[in-house]
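# Topology and contacts: notes
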Amino acid sequence: MQRRFERKLIRACLPFFLLIACVAPAAQTEPVVQVDSVLTWSHPASWFGGFSGVEVNADGTRLTAVSDRGRFVQARMVREAGRLVALELEENAPLKGADGKALRGQMRDAEALALDDTGQLYISFEHDHHVARLAPETGVTTPLPGHDDFAGFAPNAGMETLAAHPDGRLFAAPEGGGPTSGPIPLYAFDGTTWTIAAEIPRQGPFLPVDADFAEDGTLYLLERTITPLGFRSRIRSFDLTAPGLGEVTLLTSGPGQYDNLEALSTWQDAAGQTRLTLLSDDNFFVMQRNEVVELILAKPGVEG
């Protein structure tokens with residue numbers, strides 16, 4: 001995230017944001033997802049906000065998130081007839097280094113979160129570009145081995161995307177990492193080393209900000225761009241085993257339709273529906289919000 005640029009652009013475009021808030025644009029989306037709920041999550045503590053990574057448990061009752069100011073939080077997801085209606089904060093703690101001390105400054109800039117099938121949490125960081133294991137009971141992060149490419153990432157264009165595959169591998173992608181017209185490298189960690197497993201084609205001005213795998217191995221990629229009229233989001237899905245990666249665009253939002261969506265988690269509800277839970281980063285800016293958006297993937301041939 002190029003955070004300084006984002007804040008300057010947001011302030012410069014404040015009149016446009018106010019206009020968008022009054023006149024919401026129509027969604028530019030394929031009829032393969034339906035919006036089930038949109039709500040704002042708030043809390044009075046000064047540390048609350050800046051959420052960039054999220055994971056939802058298997059039954060959609062608990063949410064875990066990390067903030068780019070080095071905070072780890074857990075919340076209960078309150079539902080009515082399956083629909084998300086509120087979040088209740090339960091736990092929060094500062095992220096810590098392997099020495100047990102709270103991370104500070106740029107070292108605490110957590111950007112993504114992943115949960116594997118064993119219950120192990122992983123977290124990625126910008127500036128000090130690396131991926132680490134996260135112990136939720138203590139907040140301690142233990143770095144994994146890196147890839148030679150990681151050191152070359154720009155300070156604000158690092159490991160925005162992190163996802164655990166059902167086969168146990170961990171996947172990560174940078175927000176930047178190459179020419180605007182070049183593909184996005186998708187790195188895979190097998191428990192020992194990182195390799196480039198695939199290259200995701202770039203389409204337009206959108207940059208990757210998070211991803212997650214469904215149980216069938218489908219990769220869902222959340223992307224974002226900034227316009228004078230507000231943030232835009234896009235979700236694409238990929239089959240890493242298919243020719244051309246089986247790319248499908250599921251959603252492309254209009255300017256200002258949603259806030260700064262930066263985190264994505266996919267899970268399956270009791271009805272067998274695939275849900276995508278998205279969380280926004282408010283940049284600790286008064287004109288933004290910590291927004292939670294939950295989508296349901298429609299079955300083929302069914303409009304959302």
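This structure is a prediction, so every number in the text was calculated from the model and none was measured.

### What about the overall build of the protein?
Helix and strand content of the protein: two helices and 21 strands. Per-residue burial for the protein yields a buried fraction of 52% across its 304 residues. For the protein, restricting intrachain contacts to residue pairs at least 6 apart in sequence, the fraction spanning at least 24 positions comes to 52%. Summing over all exposed atoms, the protein offers an accessible surface of approximately 13200 Å²; the carbon and sulfur share of this is 53%.

### Notes on the pairing of strand 5 (residues 71–80)
Both faces of the sheet carry side chains from a regular strand, because those side chains alternate between them. As defined by bridge partners, strand 4 (residues 62–67) adjoins strand 5 across six bridges and the pair is classed as antiparallel. Looking across to strand 5, one finds that Leu63 is bridged to Ala75. Hairpin connection from strand 4 to strand 5: three residues lie between these consecutive antiparallel strands, with Gly70 at a positive phi of about 75°. Bridge count for strand 5 against strand 6 (residues 83–94) is 10 bridges, and the pairing is antiparallel. If you follow Arg71 over to strand 6, its bridge partner there is Pro94. Hairpin connection, strand 5 to strand 6: the antiparallel pair is bridged by two residues, and Ala81 has positive phi, about 55°.

### Concerning the nonpolar core
By size, the foremost hydrophobic cluster in this structure holds 17 residues, and its most contacted members are Trp41, Phe51, Leu63, Leu87, Leu279 and Val292. Of all the secondary structure elements, the ones that give two or more residues to this core are strand 3 (51–56), strand 4, strand 5, strand 6 and strand 19 (261–268). Setting aside residues up to four positions removed in sequence, Trp41 forms contacts with Phe48, Phe51, Leu63, Val73, Ala75, Leu87, Leu89, Leu279, Asn290 and Val292. Formed by 16 residues, the second largest nonpolar core is a distinct cluster that contains Val209, Ile235, Tyr258 and Leu297.

### Remarks on the packing of aromatic side chains
The final tally for this structure, using the stated rule, is 10 aromatic pairs. Aromatic pair Phe48 and Phe51: ring centres 5.1 Å apart, planes at 75°, arrangement edge-to-face. Under the relative-accessibility criterion, Phe48 is labelled buried at 6%. Pairing Phe150 with Tyr187 gives two aromatic rings, centres 5.4 Å apart and planes at 80°, and the pair type is edge-to-face. Highlighted residues: Phe150 in the loop between strand 10 (140–143) and strand 11 (161–164) and Tyr187 in strand 13 (residues 184–189), separated in sequence by 37 residues. Note on accessibility: Phe150 and Tyr187 belong to one class, buried. Above the face of the Phe284 ring, Arg69 is positioned so that its terminal group lies 3.7 Å from the ring centre. When the ring centre of Trp47 is taken as origin, the NZ or CZ atom of Arg71, which lies over that ring, is 4.9 Å away.

Conventions adopted
Residues numbered from 1 in each chain as written. Predicted model: local features only at pLDDT ≥ 70, side-chain atom pairs only at ≥ 80, totals over all residues. Heavy atoms only, no water. Helix = DSSP H or I, 4+ residues; strand = E, 2+ residues; numbered from the N terminus. Buried < 20%, exposed > 50% of the residue type's maximum accessible area, 1.4 Å probe, protein only. Contact = heavy atoms within 4.5 Å. Areas by Shrake-Rupley, 256 points an atom, 1.4 Å probe, with all protein chains shown as cover. Pairing = 2+ DSSP bridges. Core = buried A, V, L, I, M, F, W, Y, C linked by side-chain atoms within 4.5 Å. Phe/Tyr/Trp six-rings, centres within 6.5 Å; stacked < 30°, edge-to-face > 60°. Lys NZ or Arg CZ within 6 Å of the ring centre and 35° of its normal.

Bear in mind that shape data such as this cannot, by itself, settle questions of function.
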